[in-house]
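This is what each chain is made of:
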Amino acid sequence: MIDATQFRDFIVIPTLQHINLYSDAAVQLIMGTFWQESAGVTYIKQLGNGPACGGGQCEPFTHHDIYDNYLAYKPDLKAKLLSLANTYESTHQYPDNSLINNLAYQVALCRVHYLRVPAPLPHADDITAMGEYWKKYYNTPLGKGTVNEFIHHFPSEIL
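Note that the structure is a prediction, hence the values are computed from the model and not measured.

**Description of the packing of aromatic side chains**
The description of two aromatic rings rests on the distance between their centres and on the angle between their planes.
Phase 1 of the analysis: In this structure the tally under the stated criterion is 8 aromatic pairs.
Phase 2 of the analysis: An angle of 35° between the planes, with centres 5.6 Å apart, marks the rings of Phe7 and Phe34 as tilted. One end of the pair, Phe7, is in helix 1 (residues 4–18); the other, Phe34, is in helix 2 (residues 24–38), and 27 residues separate them in sequence. This pair shows no difference in class: Phe7 is buried, exactly as Phe34 is.
Phase 3 of the analysis: An aromatic cluster of at least three residues, connected via ring pairs, comprises Tyr114, Tyr133, Tyr137 and Tyr138.

Take a look at the structure:
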């Protein structure tokens, strides 16, 4: 498991600042998402042969959908995401390898995933509301995760 404070300070915050989507709430939501989805970035590929990749456990279908149906209409944001992709992938239509081996890219993609949601982010100090937001918009009602798991897995050292 990655140290939560270092991950927040050296990966999440600079990445969100780079793509101009930094807020305290965004930092907390991404931290909670990564700790819930991949046990604090312990797993970079979904267990049980599933398709999800990286700390945010993004599925390739979702990755492609974000590019095709959201970033296609936001060229400046797309360019910022691609600037974070692995150098050898920066000209690919979908930088899929960056989903596995590039933490900054994974953080940026997770934030863009949430950016597509019309509802505002919950308050940064409301971890229960963060869990509910994650469940509704990231894990979805059909997903196996629960709000209680999100709360339980949230890295307490960054509260």
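**With respect to unusual backbone geometry**
Phase 1 of the analysis: A positive phi is found at Val41, a non-glycine position, where the angle reads about 65°.
Phase 2 of the analysis: The residue Val41 is located in the loop between helix 2 and helix 3 (60–69) in this model.
Phase 3 of the analysis: On the basis of relative accessibility, which here comes to 9%, the residue Val41 falls in the buried class.
Phase 4 of the analysis: Residues other than glycine seldom take positive phi values, yet Gln57 does so here, at roughly 50°.
Phase 5 of the analysis: Mapped onto the elements, Gln57 comes out in the loop between helix 2 and helix 3.
Phase 6 of the analysis: On the basis of relative accessible area, Gln57 is assigned to the buried category, the value being 10%.

Cut-offs applied
Residues numbered from 1 in each chain as written. Predicted model: local features only at pLDDT ≥ 70, side-chain atom pairs only at ≥ 80, totals over all residues. Heavy atoms only, no water. Phe/Tyr/Trp six-rings, centres within 6.5 Å; stacked < 30°, edge-to-face > 60°. Helix = DSSP H or I, 4+ residues; strand = E, 2+ residues; numbered from the N terminus. Buried < 20%, exposed > 50% of the residue type's maximum accessible area, 1.4 Å probe, protein only.

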